[in-house]
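Each chain, written out:
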Amino acid sequence: MSRAATHCPYCALQCGMYLANGAASGTVQVTPRPAGSNRGGLCQKGWTSAELLTSTHRLTTPLIRWRRGDPLEPASWDEALSFIATNLRRLQGDHDTDTVAVLGGGGLTNEKAYALGKFARVVLRTKNIDYNGRFCMSSAAAAGNKAFGLDRGLPFPVSDIAEAGTVMLAGANVAETMPPFLQYLSAQNENGGHLIVVDPRVTETARQADLHLQITPGTDLALALGMLHIAIMEGYVDRAYVANRTSGFDAVRPIVMSYWPERVERVTGVPASQQREAVRLLAEVDRALILTARGAEQHAKGVDTVSAFVNLALALGLPGMPGSGYGCLTGQGNGQGGREHGQKADQLPGYRMIDDPAARAHVAAVWGVDPTTIPGKGPSAFELMDSLGGDQDGPRALLVFGTNPVVSAPAAARVEQRFRELDLLVVADLVLSETAALADVVLPTAQWAEEDGTMTNLEGRVIRRRRLRPPPGEVRTDLEILAGLADRLGCGGAINPDPERTFAELGRASAGGVADYSGITYAQLDASDGVFWPCPGPGHPGTPRLFLDRFATPDGRARFVPVEHRAAVEDIDADYPVYLTTGRVLAQYQSGAQTRRIDALHTAAPGAFVELHPDLAERYGIADGDDVRVTSRRGTATAPARVTETIRADTVFMPFHWGGAGRANTLTNPALDPTSRMPEFKVCAVRLERVAGRTQREAGAAADAGAFEKLTTAEVHG
Ligand code: SF4
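Residues numbered from 1 in each chain as written. Predicted model: local features only at pLDDT ≥ 70, side-chain atom pairs only at ≥ 80, totals over all residues. Heavy atoms only, no water.

J.: I keep staring at the environment of Gln188 and nothing clicks. Help me out?
T.: Note on placement: Gln188 falls in helix α6 (residues 182–190). Assessed through its relative accessible area of 1%, Gln188 is described here as buried. Non-local contacts of Gln188, meaning those with residues more than four positions away in its chain, are made with Ile161, Ala162, Ala164, Gly165, Thr166, Val167, Gly193, His194 and Leu195. (Helix = DSSP H or I, 4+ residues; strand = E, 2+ residues; numbered from the N terminus. Buried < 20%, exposed > 50% of the residue type's maximum accessible area, 1.4 Å probe, protein only. Contact = heavy atoms within 4.5 Å.)

J.: Can you walk me through the side chain of Asn669 in this structure?
T.: When you line up the elements, Asn669 lands in strand β28 (residues 669–672). Residues contacting Asn669, with those up to four places away along its chain left out, are Pro410, Val569, Glu570, Arg634, Pro679, Glu680 and Cys684.

J.: Explanation requested: the site of the ligand in the structure shown.
T.: As a structural note, the neighbourhood of the ligand is formed by Cys8, Tyr10, Cys11, Gln14, Cys15, Leu42, Cys43, Lys45, Gly46, Met178 and Pro180. Here the residues of the shell around the ligand sort into eight nonpolar, two polar and one charged. (Near = heavy atom within 4 Å. Nonpolar A, V, L, I, M, F, W, Y, C, P; charged D, E, K, R; others polar.)

J.: What is the right way to read the sheet that holds strand β21 (residues 531–532) from this model?
T.: The strands making up a sheet associate through hydrogen bonds between their backbones, and the pairing can be parallel or antiparallel. The strand order across the open sheet built from three strands is β19-β20-β21, with neighbouring strands paired in antiparallel fashion. One side of each edge strand has no neighbouring strand; the edge strands of this open sheet are β19 (453–456) and β21. The strands that helix α3 (residues 110–124) touches are β19 and β20 (461–465); relative to β19, the one it contacts most, it runs at about 95 degrees. (Pairing = 2+ DSSP bridges. Axes fitted to C-alpha atoms, helices over the stretch in contact; angles between N-to-C directions.)

J.: Can you walk me through the domain arrangement of the protein chain in this structure?
T.: Many analyses report the size of an interface as the accessible area lost when the parts associate. According to the domain assignment, the protein chain consists of domain 1 (3–54), domain 2 (63–135 + 339–458 + 471–513), domain 3 (155–329) and domain 4 (578–717). When each unit is reduced to the centre of its C-alpha atoms, the spacing between domain 1 and domain 2 is 28 Å. Counting residues at the interface gives 14 residues for domain 1 and nine residues for domain 2. Interface of domain 1 and domain 2: buried area, both sides summed, is about 890 Å²; carbon and sulfur atoms make up 71% of it. Interface area lost by domain 1 to domain 2 is led by Gln14, Leu52 and Leu53, which between them contribute 49%. (Domains from an automatic or database assignment. Buried area = accessible area lost by both parts, 1.4 Å probe.)

J.: Where do I start with the layout of surface pockets in this structure?
T.: Rolled over the atoms, a probe sized like a water molecule indicates the empty space that remains. Counted as a void, the largest pocket has a volume near 510 Å³. Lining the largest pocket are 28 residues, with Asn145, Asp346, Gln347, Tyr351 and Met353 positioned closest to its centre. Residue assignment for the lining of the largest pocket shows that the elements contributing at least two residues are α4 (138–148), β15 (352–353) and α15 (357–367). Of the residues that constitute the lining of the largest pocket, the class distribution is nine nonpolar, ten polar and nine charged. Built from parts of two domains, the lining of the largest pocket gets at least three residues from each of domain 2 (63–135 + 339–458 + 471–513) and domain 4 (578–717). Here the second largest pocket is characterised by a volume of approximately 310 Å³. Along the lines of polarity and charge, the residues of the lining of the second largest pocket split into nine nonpolar, four polar and six charged. Each of two domains, domain 3 (155–329) and domain 4 (578–717), supplies a minimum of three residues to the lining of the second largest pocket. (1 Å grid on protein atoms, 1.4 Å probe; cavity = no way out; pocket = protein on both sides within 12 Å on 5 of 7 lines; lining within 4 Å. Points joined across faces, edges and corners; volume = space filled by probe spheres on them.)

J.: So what exactly am I meant to see when it comes to the confidence of the model for the protein chain here?
T.: Detailed reading of the predicted model is not advised wherever pLDDT is low. Scored by pLDDT, the protein chain comes out at a mean of 94, with 96% of its residues at no less than 70. Counting interchain partners and residues more than four positions distant, the pLDDT-below-50 stretch residues 695–718 has 45 contacts. (pLDDT = per-residue confidence, 0-100.)

J.: Help me out: how do you make sense of the packing of aromatic side chains in this one?
T.: Describing an aromatic ring pair means giving the distance of the ring centres and the angle of the ring planes. Inspection of the entire model under this criterion finds 13 aromatic pairs. Relative to Tyr184, the ring of Phe181 lies with its centre 6.2 Å away and its plane at 70 degrees, an arrangement referred to as edge-to-face. Grouping residues by exposure puts Phe181 and Tyr184 together as buried. Grouped by ring-pair contacts, the aromatic residues Phe148, Tyr326, Phe547 and Phe551 constitute a single cluster. Lying across the ring of Tyr18, Arg3 places its NZ or CZ 3.8 Å from the centre. Above the ring of Trp260, the side-chain terminus of Arg263 is found at 5.9 Å from the ring centroid. (Phe/Tyr/Trp six-rings, centres within 6.5 Å; stacked < 30°, edge-to-face > 60°. Lys NZ or Arg CZ within 6 Å of the ring centre and 35° of its normal.)

J.: Even after reading the chapter, I still don't get the packing of helix α8 (residues 220–233) against helix α10 (residues 249–256), so can you show me in this structure?
T.: A packed helix pair is summarised by two numbers, namely the angle formed by the two axes and the spacing between the axes. Packing of α8 against α10 leaves a shortest axis separation of 9 Å and a crossing angle of 105 degrees. When the axis of α8 is compared with that of α10, the two are roughly perpendicular. Judged by residue contacts, Leu225, Leu228, His229 and Ile232 of α8 engage Phe249, Val252, Arg253 and Val256 from α10. A breakdown of the residues in the contact of α8 with α10 according to their chemical character gives six nonpolar, one polar and one charged. (Parallel < 35°, antiparallel > 145°, perpendicular 65-115°, else oblique.)

J.: Could you clarify how one ought to interpret α3 in this entry?
T.: Note: α-helices contain 3.6 residues per turn, so residues at a spacing of three or four share the same orientation. In this model α3 runs 20 Å from its N-terminal to its C-terminal C-alpha over 15 residues, within 8% of the 21 Å that 1.5 Å per residue would give. A bend of about 25 degrees at Lys118 is the largest found in α3. For α3, a buried count of 15 out of 15 residues is recorded, marking the element as mostly surrounded by other parts of the structure. (Expected span 1.5 Å × (residues − 1). Bend = angle between axes of the 7 residues up to and from the residue.)

J.: Before we go on, may I ask you to explain the pattern of salt bridges in this structure?
T.: This structure, assessed with the given rule, holds 38 salt bridges. With its nearest N and O atoms 2.7 Å apart, the salt bridge here joins Arg58 to Glu450. Placement of Arg58 in the loop between α1 (44–47) and β4 (63–64) and of Glu450 in the loop between β18 (441–444) and β19 is noted, with a sequence separation of 392 residues between them. Under the relative-accessibility criterion, Glu450 is labelled buried at 1%. Salt bridges sharing partners connect three or more residues here, namely Lys112, Glu451, Arg465 and Asp478. (Salt bridge = Lys/Arg side-chain N within 4 Å of Asp/Glu carboxyl O.)

Okay, structure coming up:
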């Protein structure tokens, strides 16, 4: 095929694009393609995405480290798969089947996520599988399930945003994370709508807001409780909606009555007048949307924080009303589908729970196994990683697909050490990421332009990924790798390497589940602009808007969930007197394994930095460009200062896309939410020091040179 209509490989907006073989040998041209979510927009990451297809950083052959301490060496697939299978069998024989663990990713296609979950349960017989969506979406997912009985990030099409009278973004910087999304906010603004942004920084998104609530990191929960207090006191509660469509309001009301605006102002730093204005803007329009993202969710109280925003939305009568509602902005490309089909520790395909006997029986029948052989619930991603290797009781082998936790996990130095203590680490990736560089075996995988499959975008719209051309050299798709491994492990046929057949099997496994894909076919997707799940059975048109008549709870009512504010797990003190919050920049994506290797993106965002207010900089004698040493109770990171008035004077910000000295996640706190097991990425306590003896120029040059690790295959061999 000389042209493929597909979608961007990166974030959950999944912008449509055409790929075509370029005039120069091997190159691929990207052009925008109007699709349901982007209407023709692409950001710089999407425009440059094809560069990685021909990058010199690309892995094209399996690599094996035959003995510890040796370099990785090129190997054949036969050698690599035999090495893995032999060692897995040996370890499972010496210990038990749970000694092998699997980590997946929210960027994997639905087919891969499904196959990975089946591979872990049917081929490896291990309970130890989880994925990096724990670090992304899990808090909003848990809160959505509690309130609505169902978790779909946006339960309405993204185009509804343009029609809303007021949009409130809590912890979302869409101008940098998914720029084409701004067209909906621009249209909303042109329609006379209002935008409220909750963020500790004056981000590009906050600059466009009518009202920016510049909150203290870790206090979003108090803000949401306070806003509900104001809604009650000022008569904005939609009493008919609360009576007819919800339950539990009476349990929430007495809690929020103690969150009066002045108290909330002391906790959050948001003036009482702004709190009142925000509630008024939401309540006095016909259509309003409250949307949360990682800023509000990545906390050890992330589920309760989202529940508090959902409570506010319910009190105002928004969810399930046309053009109004609550939603969560998914981050990773397949963050939605990736959590629906069985790579999560507690779930089976179709968003079924693994401890539900009926769910186990249904999925076992599709898989052709005895339900009793399907392992039970395993630990969450961070808990799993923290139990690996060494003298611990946890798994001694780990297979990693589509994630780079050495950069993206909290307390990353500790995680890196756990990985080093494994008896066997296998990483499937397209480049030698920081995690792959530690592996005993590295398996080169196909990129998005070289494979077919489906993704589920932030709206719950299932869309087609289409192959332009085959992968180069010895590269295989993840499905082919899993099928080959299953064969070596005596389970030939358990994993189908064909994406369309795997999707059909996924559909059968999901039938009757919450996320029911059983009516969706590749032919239907190819003839449409995607299909919104649930789509239960052939001929069903899909479900763009959820909850219009009833919620997915047993009684059809949405549930208010009583929650209380609590401080960040690690508040500032005399030893660590400054808050650290982390996030993304426009030109990089997640752990940066892909985008750091694209020249234009590296030039635009070459390395980590420490953003701090002039008052804070003056207190520590730091000038713009100076190297700053940031220390938390987990470790130290060093990066050049960016002094700016756009951040609170008690807070520093670091982007988390880089490894090495500037790795922000060396600092972050692995305290977990009790329900979602989401780590507290968004707030911890740090202290600052200017690195002595270096001029601004030296510091900037060193950070720039160190930021882009040149992990080429040649260097590894050397
Ligand atoms: Fe669209 Fe996200 Fe890709 Fe940018 S990174 S082009 S916003 S899908």
